[in-house]
Amino acid sequence: MIPWLDTDTPFPDPSQALTKDAPGLLAAGADLSPQRLLNAYRHGIFPWFSEGQPILWWSTDPRMVLMTDDFRVSDSLKKAIRKVERSAYADGRWQLCFDRDFEAVMRACAAPRKDEPGTWISEEIIAGYCGLHRLGYAHSSELWLDGELVGGAYGVSIGHMFYGESMFARVTDGSKIALAHLVRFLKSEGVAMIDCQQETGHLASLGAEPISRRRFIAHLQAAIEEPQIKTWRSIAAGGRLR
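Quick notes on the rules
- Residues numbered from 1 in each chain as written.
- Predicted model: local features only at pLDDT ≥ 70, side-chain atom pairs only at ≥ 80, totals over all residues.
- Heavy atoms only, no water.
- Salt bridge = Lys/Arg side-chain N within 4 Å of Asp/Glu carboxyl O.
- Helix = DSSP H or I, 4+ residues; strand = E, 2+ residues; numbered from the N terminus.
- Buried < 20%, exposed > 50% of the residue type's maximum accessible area, 1.4 Å probe, protein only.
- Patch = residues over 30% accessible without salt bridge, like charges linked within 9 Å, V, L, I, M, F, W, Y side chains within 5 Å.
- Areas by Shrake-Rupley, 256 points an atom, 1.4 Å probe, with all protein chains shown as cover.
- Lys, Arg positive; Asp, Glu negative; His and termini not counted.
- Charge placed at Lys NZ, Arg CZ, Asp CG, Glu CD.
- Pairing = 2+ DSSP bridges.
- Arc of directions from axis to C-beta.
- Contact = heavy atoms within 4.5 Å.

Draft legend 1. Representation of the pattern of salt bridges within the structure. The tally for this structure, following the rule as stated, stands at seven salt bridges. Across the salt bridge formed by D195 and R63, the nearest N and O atoms sit 2.9 Å from each other. Of this pair, D195 sits in strand β10 (residues 193–197) while R63 sits in strand β5 (residues 63–67); the two residues are 132 residues apart in sequence, bridging distant segments of the chain. When its relative accessible area of 0% is taken as the criterion, D195 is described as buried. On the accessibility criterion, R63 (0% relative accessible area) is buried. E103 is paired through a salt bridge with R107; the nearest N and O atoms lie 2.9 Å apart. Here E103 and its partner R107 are both found in helix α3 (residues 102–110), four residues apart, which amounts to about one turn of the helix.

Right, dumping it as structure tokens:
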């Protein structure tokens, strides 16, 4: 049996997460208040559940992470990024920015996708992370074309640790371009690791790899003690890659 959390119940130690049946499942219940979410991320725990389920909390082992130094940019993606950069400086049709419309990015990530039965990004999740965004702990990297949001990614930022949550694309490579923009910015700020939570072939193709939970938590414990990044909006103002 996994523990049931009330609103004031602390999280169990992540090492107590299940190893069979639902590997990584740690607890259920509580709420998605900003305080609860921040506490979860500071301990390497994240929520993931479907409509009709209670809030489920996870700490996977191994943990999929992307080191910003290891991000792989294919030749085709480099070409697409250069196209966006040229437009950003020339006619402004393409723009890359942060946090212009955080909620819109979340809702785009929640939209139905081909060959996928549903989404875990419920209204409850959207409300919780928008609360984090208003406090300055959740951010979106966005690709716009002619004033329309066509690609993006969002996640949680604590100190010098970034926890990636989801991406979407409405144009070819839209999510990858937004991710490249995010990785470049985080690297410039001294962020070494992006948490990707769970292992997928797509993430592996971009340079992510699984590491042990012990190594992951050791890294985040140091990273979250670094100063909070404060420059997201100033970087966004130009709408250009830096």
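Draft legend 2. Representation of the environment of Y154 in the model. With respect to the helices, strands and loops of the structure, Y154 is situated in strand β8 (residues 148–158). Once the C-alpha coordinates of Y154 and D99 are considered, the two residues, 55 residues apart in sequence, prove to be 9.1 Å apart.

Draft legend 3. Looking closely at a positive patch on the surface. Where like charges cluster on the molecular surface, the positive patch consists of K78, K79, R82, K83 and R86. In this structure, R86 sits in helix α2 (residues 75–89).

Draft legend 4. Expanded view of the sheet that holds strand β1 (residues 4–5). With mixed pairing, the four strands of this open sheet are ordered in space as β1-β2-β4-β3. Sheet topology places β1 and β3 (46–47) at the edges, where each strand pairs with a single neighbour. Where strand β2 (residues 25–29) meets strand β4 (residues 56–58), three bridges bridge the pair, whose relative direction is antiparallel. Note that in β4 the partner of A27 across the bridge is W57.

Draft legend 5. Highlighting helix α7 (residues 213–223). Along α7, the positions that sit buried rather than exposed are R213, F216, I217, L220 and A223. Angular distribution of buried residues about the axis of α7 spans 125°; they occupy a single face of the element. The inward-facing, buried residues of α7 contact α1 (34–42), β5, β8, β9 (161–169), β10 and β11 (209–211).

Draft legend 6. Quick peek at unusual backbone geometry. With an omega of 10°, the peptide bond running from D61 to P62 counts as cis. In this structure, P62 sits in the loop between β4 and β5. Unlike most non-glycine residues, A30 shows phi in positive territory, near 65°. For A30, the position within the fold is in the loop between β2 and α1.

Draft legend 7. Broad picture of the environment of I126. Position of I126 among the secondary structure elements: in helix α4 (residues 123–134). Spatially, the C-alpha atoms of I126 and L143 are 20 Å apart, while their sequence positions differ by 17 residues. Residues within four places of I126 in sequence aside, it is in contact with E103, M106, R107 and I121.

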